[in-house]
Amino acid sequence: MTTDAPAPQPTWTPAWDRAEGEERARALFTATFDARPDGVWSAPGRVNLIGEHTDYNGGLALPIALPHRTYAAVARRDDDLVRLVSAQEPSGVREVRLADVAPGTVDGWAAYVVGVAWALREARHAVGGFDLAIDSCVPFGAGLSSSAALEAAVAVALDAVYAVGLAGAVVDGAADDDAGRATLAGLCVRAENEMAGAPTGGMDQAASLRARGGHALLLDCRDGAVRHVPFDLTGHGLALLVVDTRAPHSHVDGEYAQRRAACDRAADLLGVPDLREVAQDADRRAQAEAVLAPEADGDVLVRRVRHVVTEIDRVTEFVTRLEDGDVHGVGPVMDASHASLRDDYEVSCRELDVAVDAARAAGALGARMTGGGFGGSAIALVPADAVEHVAEAVAAAFAREGLRAPAFAEAVAAPPAG
Ligand code: GLA
């Protein structure tokens, strides 16, 4: 007699359609503030296709915006009071006076919202108080940039209600003022780094504000330049499966800061402004190991640098394959990225490794962790007719390993904040 437990059914996290998201935020606003908002704005989460832990090294990254969005219903006020409510936060209405805001004065999710208003004011934009209600279908803590989605939704909302003039319009999935949006993305990064105290690199905010529907965003983090690379999996009979491992992210902030510090130290030792310089200079690349290895933590530094420079190469390789129409060919590039993040950069974890291994065993053409790591999500490139099968196989592997059940989503390249 067998005692096998029944196979677990995968849990899916669908994206709301726009009308539903807008209505939810508007209803929360009205119920909370007994008034109508001036409008509802929204911004997407992201998955990064490849180019991980390269953004703060001046490298290349290739994110897409997700159809999962954060919705912000906002009304401008005549004073400098900010009143905030979120359907995801049971703590009720938060109130903050902008005159009192400085780094370290606002905690929790409100820091991301107030931080954007603070950064706009620091940049001398005439932004005052506002009432805001948030609702979101971007899974929180899943490494899908729920914080950047929140910042970007607030940024485009304040841009509109205070006529800042940076966000422009989105027409057919494309933003018509990329330069303005690059500035807004920079202000969102300030909010995250300085007000929320998270030392992240900027890819997420760029993806949420500057991505284009149907395209991946090739982001050059050295000068902020972007190129939109057509990314149509459906036309190739493929799909992108997102596995939210739901692994508890312990120590994630400290580990992230340590990786960043190791890269900065290696760049100093190598006498370059950032590791991008090493990636694109054959001589420096050849010498890096000899310079770093004698340091006390030389073995670690060598591996961290090796990840960053090879990952930058992999972004270029991935884009070349996409542009050559060899979409199946990006699978092995994804696999190599995962191995490098796991072995050299050491930011994977058991749940992420189980997810990518199980996805590949079930027929994925390639799979990798996405985002900062230590939990969060993995992505797998799968034949469109095998999405359900691969999800079932991953869910079964998690159950076998005694891990908490993961959640799944399907990613398509969606439009930016607007
Ligand atoms: C997090 C950060 C990004 C980036 C990734 C790793 O998502 O927010 O800036 O560094 O990790 O690629």
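Within each chain, residues carry numbers counting from 1 in the order of the written sequence. Since the coordinates come from a predicted model, pLDDT governs what is reported: local features require at least 70, and pairs of side-chain atoms require 80 or more to be given and counted, while whole-chain, interface and lining totals use all residues. Only hydrogens and water are set aside; all other atoms, that is, all heavy atoms of the structure, feed into the side-chain values.

Caption draft 1: Layout of the domain arrangement of the protein. Domain extents, as shown, originate in an automatic or database domain assignment. Looking at the assigned domains, one finds that the protein contains domain 1 (13-230) and domain 2 (234-411). When each unit is reduced to the centre of its C-alpha atoms, the spacing between domain 1 and domain 2 is 25 Å. Contacts are assigned to residue pairs with any non-hydrogen atoms lying within 4.5 Å of each other. With 36 residues of domain 1 at the contact, the number on the domain 2 side is 45 residues. Carbon and sulfur atoms make up 60% of the area that domain 1 and domain 2 hide from each other, which totals about 3,100 Å². We define a salt bridge as a contact between a side-chain nitrogen of Lys or Arg and a carboxyl oxygen of Asp or Glu at a distance within 4 Å. Between domain 1 and domain 2 we count 5 salt bridges in total. The term buried area denotes the loss of accessible surface (1.4 Å probe radius) that occurs when two parts are joined, taken as the sum for both partners.

Caption draft 2: Spatial organisation of the packing of aromatic side chains. Ring geometry is summarised as follows: Phe, Tyr and Trp rings, the Trp one being its six-membered ring, pair when their centres sit within 6.5 Å, and such pairs are stacked at plane angles under 30 degrees, edge-to-face over 60 and tilted between the two. Within this structure, the stated rule accounts for 4 aromatic pairs. Lying over the aromatic face of Trp 16, Arg 24 brings its terminal NZ or CZ to 4.0 Å of the ring centre. Sitting above the plane of the Tyr 345 ring, Arg 304 keeps its charged end 6.0 Å from the centroid. By the criterion adopted, a ring carries a charge over it if an Arg CZ or a Lys NZ lies within 6 Å of its centre and within 35 degrees of its normal.

Caption draft 3: Fine view of the packing of helix H10 (residues 330-343) against helix H11 (residues 350-361). As a rule, the C-alpha atoms of each element are fitted with a line to give its axis, helices using only the stretch in contact, and angles between N-to-C directions run from 0 to 180 degrees. The helix and strand labels rest on DSSP assignments: H or I over at least four residues marks a helix, E over at least two residues marks a strand, and numbering proceeds from the N terminus. Two numbers describe how H10 lies on H11: the axes approach to 12 Å, and their chain directions differ by 155°. One way to sum up the angle between H10 and H11 is to call them roughly antiparallel. For the pair H10 and H11, the crossing hand works out as left-handed. Every residue of H11 that contacts H10 at Asp 335, His 338 and Arg 342 is listed here: Leu 352, Asp 353, Val 356 and Arg 360. By residue class, the composition of the contact of H10 with H11 is 2 nonpolar, 1 polar and 4 charged. What sets the label is the angle itself: under 35 degrees gives roughly parallel, over 145 gives roughly antiparallel, 65 to 115 gives roughly perpendicular, and the rest give oblique. Helix crossings fall into two classes, left-handed where the near helix is turned counterclockwise from the far one by less than a right angle and right-handed where it is turned clockwise. Under the scheme applied here, ten amino acids are nonpolar (Ala, Val, Leu, Ile, Met, Phe, Trp, Tyr, Cys and Pro), four are charged (Asp, Glu, Lys and Arg), and all others, including Gly, are polar.

Caption draft 4: Up close: the sheet that holds strand E6 (residues 94-97). Whether two strands pair depends on DSSP finding at least two bridges between them. Spatial ordering of the open sheet is given by E2-E4-E7-E5-E6, a layout of 5 strands whose pairing is mixed. Both outer strands of the open sheet, strand E2 (39-48) and E6, are each paired with one neighbouring strand and no more. Strand-to-strand twist across the sheet, computed as the mean angle between neighbouring axes with direction ignored, equals 25°. Across 5 bridges, the pairing between strand E5 (residues 81-86) and strand E7 (residues 130-136) is parallel. Within the sheet, the bridge partner assigned to Val 82 lies in E7 and is Phe 130. Against the sheet, helix H2 (residues 110-122) makes contact with E5, E6 and E7, and its axis sits at roughly 145° relative to E5, the strand it touches most. The sheet contacts of helix H5 (residues 203-210) involve E2 and strand E4 (63-76), and relative to E2 the element is tilted by about 130°.

Caption draft 5: Focus on the site of the ligand. In the vicinity of the ligand there are 13 residues, among which Glu 52, His 53, Asp 55, Asp 204 and Tyr 256 approach most closely. Here an oxygen atom of the ligand sits 2.6 Å away from a polar atom, N or O, in the main chain of His 53. Here a polar contact is recorded for every N or O atom pair within 3.5 Å, except that within protein the pair must consist of a potential hydrogen donor and a potential acceptor, and residues adjacent in sequence are included only if both atoms are side-chain atoms. Within the backbone of Gly 372, one N or O atom sits 3.3 Å away from an oxygen atom of the ligand. Per-residue and other accessible areas follow the Shrake-Rupley method at a 1.4 Å probe size, with only the shown protein chains counted as cover for residues. Within the complex, 94% of the 310 Å² of free accessible area of the ligand lies under protein. Taken together, the residues that form the shell around the ligand break down as 3 nonpolar, 6 polar and 4 charged. Looking at the shell around the ligand, you find at least three residues from each of domain 1 (13-230) and domain 2 (234-411). One heavy atom within 4 Å of a molecule or strand is enough for the residue carrying it to be called near that molecule or strand.

Caption draft 6: Main features of the pattern of salt bridges. For the coordinates displayed, the defined rule picks out 33 salt bridges. Among the ionic pairs, Asp 204 bridges to Arg 46, the shortest N-O distance being 2.9 Å. One end of the pair, Asp 204, is in helix H5; the other, Arg 46, is in strand E2, with 158 residues separating them in the sequence. Of the two residues examined, Asp 204 and Arg 46, each falls in the buried class. Relative accessible area decides the class of each residue, using a 1.4 Å probe on protein chains only: under 20% of the type maximum gives buried, over 50% gives exposed, and in between gives partly exposed.

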